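# Observations on the model geometry
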Amino acid sequence: MPAKSTAIAMAPTPALVSAESSTKVKSKSANMTNKNTGLVFNCYSLRRRMRASRVGRFIRPASVVYLGAVMEYLLAEVLELAGNCARDNKRKIIKPRHVMMAVEMDDELKPLFSDVIMPGSGVVPGVHTCLMGKRDQNTFRGWARQGLSKTQVGAKE
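Below: a short report on this structure.

How each quantity is defined
Residues numbered from 1 in each chain as written. Predicted model: local features only at pLDDT ≥ 70, side-chain atom pairs only at ≥ 80, totals over all residues. Heavy atoms only, no water. Helix = DSSP H or I, 4+ residues; strand = E, 2+ residues; numbered from the N terminus. Buried < 20%, exposed > 50% of the residue type's maximum accessible area, 1.4 Å probe, protein only. Contact = heavy atoms within 4.5 Å. Polar contact = N/O pair within 3.5 Å; in protein donor to acceptor, adjacent residues only side chain to side chain. Core = buried A, V, L, I, M, F, W, Y, C linked by side-chain atoms within 4.5 Å.

## Side note on the overall build of the protein
What the protein contains, in helices and strands, is four helices and zero strands. Counting from the amino terminus, the protein carries its helices and strands in the arrangement α-α-α-α. Here the protein holds 157 residues, and the buried ones make up 15% of them. Of all intrachain contacts in the protein linking residues separated by at least 6 positions in sequence, the fraction that spans at least 24 positions is 36%.

## Structural notes on helix α2 (residues 43–52)
All of the buried residues in α2 are C43, S45, L46, R47 and M50. Each element contacted by the buried residues of α2 is listed here: α1 (34–37) and α3 (61–88). One side-chain oxygen at the N-terminal end of α2 lies 3.1 Å from the backbone nitrogen of Y44; it belongs to N42. The positive-phi residue at the C-terminal boundary of α2 is R54, with phi of around 55°.

## Thoughts on the environment of L67
Within the secondary structure, L67 sits in helix α3. Its relative accessible area of 30% is what places L67 among the partly exposed residues. Considering only alpha carbons, one finds L67 and C43, 24 residues apart in sequence, at a separation of 8.8 Å.

## Concerning the nonpolar core
If you look at the biggest cluster of nonpolar residues, it comprises seven residues: M32, L39, C43, L46, M50, I59 and V64. The biggest single contributor to this core is α2, with three residues. Beyond its immediate stretch of four places on either side in the chain, M32 contacts T37, C43, Y44, R47, P61, V64 and V65.

## Let's talk about the side chain of H98
With respect to the element layout, H98 can be found in helix α4 (residues 96–105). Assessed through its relative accessible area of 6%, H98 is described here as buried. Setting aside residues no more than four positions away along its own chain, H98 makes contact with A82, C85, A86, N89, R91 and I93.

Right under this line is the structure:
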């Protein structure tokens with residue numbers, strides 16, 4: 001029986017390159033380009049913003065790519081619902097109102113955006129039930145016919 005070799009295959013170490021040589025040493029820095037990550041978001045700017053906000057002492061490239069993927073998914077979800085809302089209102093442009101209406105109608109996104117104030121989006125349509133008064137026969141009569149004003153304006157006593 002031939003003896004099995006137990007040697008571990010080691011990757012060759014990069015050699016130093018002189019100025020005359022045409023081969024370059026591969027950089028060990030993370031490659032977070034859009035081509036490699038498959039994202040639309042720019043991972044380099046996300047990492048720069050994470051560093052500026054002091055998220056942590058060290059920021060790994062994998063965490064930046066993960067954050068970019070999550071943000072891109074949420075953005076796509078909100079824009080799809082807002083586009084449907086704009087189409088339902090016969091509009092071709094998505095406005096802040098459509099984004100707010102899409103978020104308010106979705107049960108999964110509503111708690112996520114509960115503390116968010118969207119400028120220019122208006123309020124949720126509808127009247128709360130506690131504000132609705134009871135209707136009777138005098139509800140829609142004018143003020144003069146309901147006997148609310150006892151005295152006439154300009155009348156002398």
